[in-house]
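Remarks on the overall topology
Chain by chain, the residues run as shown.
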Amino acid sequence: MIRTTLATISALLALALPAQAADDFIATPTLRANVTVSSDVVRVGDLIDNAGSAALIAVYRSPDLGTTGALPVAQVLSVLRAKQVIGVMTGDIKEVQVTRLARTLANKDLENAVASALERRFGLGEAANITVTFDRGVADMRLDASNSGALQQVATRYDARSGRFDVAFEINNDNNPTPTKLRFTGTAIETVEVVVLTRDIDRIELLKSSDIALERRPKAEISGEAASRDRTVGMQLRRPMRAGTPIRVADIIKPDFVQRDQNVTVIYQVPGIYLTTRGKAIESGAEGDTVSVLNLQTKRTLSGVVTGRGQITIQGASQSAPMAPAVEQTSSLKRDEAPAPVDTAALVRNLVQAPASPAQIAQAQIPQVQASQAPAKSE
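Note on numbering: residues in each chain are counted from 1, in written sequence order. It should be noted that, the model being predicted, local features are given only for residues of pLDDT at least 70 and side-chain atom pairs only at 80 or more, the latter also being counted only at that level, while totals for whole chains, interfaces and linings use all residues. Side-chain metrics rest on all non-hydrogen atoms present in the structure, leaving aside hydrogens and water.

Notes on the overall build of the chain
Here is the rule we go by: Segments assigned H or I by DSSP are reported as helices when at least four residues long, segments assigned E as strands when at least two residues long, and all are numbered from the N terminus. Here a residue-residue contact requires only that any non-hydrogen atoms of the pair lie within 4.5 Å. Using a 1.4 Å probe, accessible areas were evaluated by the Shrake-Rupley method; residue-level cover was limited to the displayed protein chains.
Scanning the chain for helices and strands turns up 8 helices and 24 strands. Sequence separation of 24 or more characterises 54% of the internal contacts of the chain that already satisfy a separation of 6 or more. Here the chain displays about 23,000 Å² of accessible surface, and carbon together with sulfur accounts for 52% of that area.

Pasting the structure below:
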C-alpha cells in the first residue's frame, strides 16, 4: 500500500516537472530595448517584461518631458540586481532607450488661447487681429502626458490703456482630481493689416506693386480707413511720403492724366462728328474730372472731361446752344438733290466755339450728315 502510494506520488511529480519548467521559461524576465514612460520615475516593470511582484519598484528618474535618454545594459542589470531582480535575458541589446511622454503646448497655440480669451472684450476685436506678447518670452510648453484635458480659461484681466493682460487657464489631469493651473501675463494689442511704402515716394509717381508691402500695425496708430493693396497699386499719393509710412484711403488719389499747362488733345464729340484739335490744360485732373482747357487755335477757354492721358473730351451737349438732330435738317432735301458743299474750316470754327447766332447754328448743322465723308469737289 505504501509502495503504491509512493509510486503514484513519484508519477505525479514526474508529470509535473516538464510543465513547471515550461512555465519557468515563459516567465523569464526579458529586457526591453525601447521604453516609454509617462510618469516622473522609471520602474522595473517599465524596463523588463515578466517583472512579477518587482514591477512597481522605482529604479530611475525619468528623462525630461518630451525627451529620450539612454541607459547602458550593464548599468541596468546592476541596478536590477540591487533590487533582487536577477536572471534577466538581455539578448543582443547594448543600451535601453527611455522616452518620457509629454503634452506639448506650442507658443503659437498659447498666444491664440490668450487672444481668444480677450476676443470682443475690453474694446478689442477679433482674435485674429490681436497680437499677444508674453512677459518672459514663453516658448513651447511641455506638460505631463496625463494633462489630457482642454485648455479652459478661468480668469481674465485686461487694462485697455496699457494693453496688459493676466489670464489663467486650467487643464484636467487624468491622474489627479485637481486640474493643472497655468497663468500667463504680457501685453495684447489689436492690430490691422496695412500697406506701407518700401521706399520714399513723390506725389507725381504712380504706385507699383514693388513700392508697397503688407504689415501689421497697432490699430491705434492708424487714423481712418487703411488702404488695401489692390486699391493702392496704380494710384498716386496726395503728398510725398517716406518709406515705412502706412497708407490710408485718404492718402491716395487717382493719378492725374492731365497736368496743368500741359499740351493736350481736345476732342469735340457730337452724334455723327468726331473732331480733334490741340489745347493747353489750365488745371490738372484725373480720369473723369472736369477741367478747363484753352483752345490754342481760337484762344477760347472750354470745359471738358479728362478721358485719357493728355486727352480732354468736350461733348456737344455742353455747348450753349444744343444742336438739333441732323435728320430734321436734311429732311427737306429732294431725293435727287445733292447736299451743299462742306466748308470744313467753318465747321471746325463753329463746333469748337459757341455759335454767335441761330443762323450760324443752322449753317453749321446742315452738312452734319456729310462731315465724316470726303469734301465735295470744287466747281
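Side note on helix α3 (residues 73-82)
Stated precisely, the cut-off is as follows: Here's how the labels work: a residue is buried when its accessible area is under 20% of the maximum for its type, exposed when over 50%, partly exposed in between, all with a 1.4 Å probe on protein chains only. The arc refers to the directions leading from the helix axis to the C-beta atoms.
For α3, the full list of buried residues reads V73, V76, L77 and L80. Mapping the buried residues of α3 onto a view down its axis gives an arc of 95 degrees, with all of them on the same face. The exposed set on the far side of α3, more than 90 degrees from its buried face, consists of A74 and A82. Residues of α3 that are buried make contact with β1 (30-31), α2 (44-47), β4 (48-49), β5 (58-61), β6 (68-72) and β7 (95-100).

As for the confidence of the model for the chain
Applied cut-off: Each residue gets a pLDDT score, which is the predictor's confidence in that residue and runs from 0 to 100.
When pLDDT is averaged across the chain, the result is 80; 76% of the residues are at 70 or more. Strand β12 (residues 164-173) holds the highest mean pLDDT among the elements of the chain, 96, whereas helix α6 (residues 326-330) holds the lowest, 38. Throughout residues 1-25 the model reports pLDDT below 50, and contacts reaching past four residues in sequence, or to other chains, amount to 0 contacts. A low-confidence stretch, residues 354-379 (pLDDT under 50), is modelled with 28 contacts involving residues beyond four sequence positions or located in other chains.

Considerations on the sheet that holds β6
The criterion, for reference: DSSP bridges decide pairing: two strands pair if at least two such bridges lie between them. Here, axes are lines fitted to C-alpha atoms. For helices the fit covers the stretch in contact, and angles between N-to-C directions go from 0 to 180 degrees.
One open sheet accounts for 3 strands, arranged β2-β7-β6; its pairing is mixed. If you trace the sheet from one side to the other, it starts and ends with β2 (34-37) and β6, each paired once. Between one strand axis and the next, the sheet turns through 25 degrees on average, direction left out of account. The pairing of β2 with β7 spans 4 bridges and is classified as parallel. When the bridges of β7 are listed, T36 appears paired with T99. Across the sheet, α3 touches β6 and β7, and the angle it forms with β6 is around 75 degrees.

Some points on the environment of P29
Tracing the chain through its elements places P29 in the loop between α1 (2-26) and β1. In contact with P29, other than residues within four places in its own chain, are I48, D49, N50, I86, G87, V88 and M89.

Quick look at the pairing of strand β23 (residues 301-308)
Taken together, the 5 bridges between strand β22 (residues 290-295) and β23 define a ladder with antiparallel strand orientation. Bridge pairing in β23 places V291 opposite G304. What sits between the antiparallel neighbours β22 and β23 is a turn of 5 residues, in which K299 has the positive phi angle 60 degrees. Where β23 and strand β24 (residues 311-315) come together, 3 bridges link them in antiparallel fashion. The partner of V305 across the bridge, within β24, is T313. Linking two consecutive strands that pair antiparallel, namely β23 and β24, is a turn of 2 residues; a positive phi of about 65 degrees is found at G310 within it.

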